[in-house]
Amino acid sequence: MTLSASNIQESTQKAASLIRAAQRGVVLTGAGLSTHSGIPDFRSQGSGLWTKFLPMEVASLTTFRRQPELFYDWLRPLASHMLSAQPNPAHLALAELERAGFIKTIITQNIDGLHHRAGSQNILEVHGSLNSMTCIGCYRQVSSEDYIQPYLELGRYPHCQACGKILKPDIILFEEQLPIKTWLKAEQASKSCDLMLVAGTSLEVMPSARLPMHVVENQASLIVVNKTLTYIDERAHVLLYGDVAEILPLLTSEVLRG
Ligand code: ZN
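Here the residue numbering is sequential within each chain, running from 1 through the sequence in written order. The model is predicted, so local features are restricted to residues of pLDDT at least 70 and side-chain atom pairs to those at 80 or more, both for listing and for counting; the totals for chains, interfaces and linings are taken over all residues. Derived side-chain values reflect all non-hydrogen atoms in the structure, with water molecules and hydrogen atoms excluded from consideration.

Our next topic: the sheet that holds strand S5 (residues 141-143). Within a beta sheet, neighbouring strands are joined by backbone hydrogen bonds and run either parallel or antiparallel to one another. Strands are treated as partners if at least two bridges between them are detected by DSSP. Elements are defined by DSSP. Helices are runs of H or I of four residues or more, strands are runs of E of two residues or more, and each kind is numbered from the N terminus. Read from one edge of the open sheet, three strands run S5-S4-S6, paired in antiparallel fashion. Strands with a single pairing partner mark the edges of an open sheet, and in this sheet they are S5 and strand S6 (167-171). Put simply, the sheet's adjacent strands are angled 40 degrees from each other on average, direction ignored. Pairing between strand S4 (residues 128-135) and S5: three bridges, direction antiparallel. Each bridged residue has a counterpart across the sheet, and for Thr134 the counterpart in S5 is Gln141. Taken strand by strand, helix H4 (residues 68-84) contacts S4 and S6, and its axis lies near 50 degrees from that of S6. To get an axis, a line is fitted to the C-alpha atoms, and for a helix only the part in contact is used. The angle between two axes follows their N-to-C directions and goes from 0 to 180 degrees. In what follows, a contact means two residues having at least one pair of non-hydrogen atoms within 4.5 Å.

See below:
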């Protein structure tokens, strides 16, 4: 066994014992969790599909109000990917930890719905979700199912059946506030948890990036699993540097074995 492999094993065991000891464990996830499901981080530059548009411009509330068609054309490949994507071993491992009672809440910055599809229950989608849409005219909320597919297949832009105005997916665009109720629950969960597992997020998008600071302030346990460095790494009790789709299943079996 190489030194790094034994280090990974030691860190995994340490993380597992912290998770087993927790009563109010919380997970915070981001784009890195879904890359194995084929969903690129739409905020990152140069990720192939999105280079034609600048997300900051096209995925903004201003663009949506002025030129919803432009927004929908940008959304097309992303929505197509998300609708056909399947949860990967990282999502499944977190769902298993929740089922076994070790995790109480999953806070996610992802809009792809993959935690739901993996079987997780208590999910706070702080950046919203592609699963529902709201009319910008009468605020009627509908399930995306009947609208997104016709758009993808026939190019029919989603309009409200009640008032005819355009429907906006319930995802948080640039310039838009986070859904307040969900956000307050996420803050509360972060403040009251005794452990936070940060997985697949480089903690660059505010205000979600701030949530682990509550954990540090309360001296609760903090575990970080990510491919790249984050600002909170030096405050973490355990740092597992690598691929979430490999590490989270290993960590989960270690927790369940104990
Ligand atoms: Zn309407």
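Okay, the sheet that holds strand S2 (residues 105-108) next. Pairing in this open sheet of six strands is parallel, and the strands run S3-S2-S1-S7-S8-S9 from one edge to the other. At either end of the open sheet lies a strand with only one pairing partner, and these are strand S3 (123-125) and strand S9 (238-241). Each adjacent strand pair in this sheet contributes to an overall mean axis angle of 15 degrees, direction not counted. Relative to S3, S2 is paired through three bridges, and the arrangement is parallel. Residue pairing in the sheet places Thr108 in a bridge with Glu125 of S3. Along the sheet, helix H10 (residues 244-257) makes contact with strand S7 (195-199), strand S8 (221-226) and S9, crossing S7 at roughly 150 degrees.

Moving on: the packing of H4 against helix H7 (residues 145-154). Where H4 contacts H7, the axes come no closer than 10 Å and their chain directions differ by 110 degrees. It follows from the interaxial angle that H4 and H7 lie roughly perpendicular. Crossing hand, H4 versus H7: left-handed. Contact residues: H4 offers Tyr72, Asp73, Arg76, Ala79, Ser80 and Leu83, while H7 offers Ile148, Gln149, Tyr151 and Leu152. Gly counts as polar in this scheme, as do all residues outside two lists: the nonpolar Ala, Val, Leu, Ile, Met, Phe, Trp, Tyr, Cys and Pro, and the charged Asp, Glu, Lys and Arg. For the contact of H4 with H7, the per-class residue count stands at six nonpolar, two polar and two charged. By definition in this entry, angles of less than 35 degrees are roughly parallel, angles greater than 145 are roughly antiparallel, angles of 65 to 115 are roughly perpendicular, and the rest are oblique. Two helices cross in a left-handed way if the nearer one is turned anticlockwise from the farther one by less than a right angle. They cross in a right-handed way if the turn is clockwise.

All right, on to the nonpolar core then. Buried residues of nine kinds, namely Ala, Val, Leu, Ile, Met, Phe, Trp, Tyr and Cys, make up a nonpolar core once their side-chain atoms join them within 4.5 Å. When a residue's accessible area, from a 1.4 Å probe over protein chains only, is under 20% of the maximum for its type it is buried; when over 50% it is exposed; and in between it is partly exposed. Counting 29 residues, the largest nonpolar core has Phe71, Tyr72, Trp74, Leu75, Met133, Leu167 and Ile171 as its most contacted members. Every element with two or more residues in this core is listed here: helix H3 (61-66), H4, S4, H7 and S6. At seven residues, the largest contribution of residues to this core is made by H4. What marks off one domain from the next here is an automatic or database domain assignment. When residues of this core are assigned to domains, at least three fall in each of domain 1 (1-39 + 87-127 + 178-258) and domain 2 (42-84 + 130-171).

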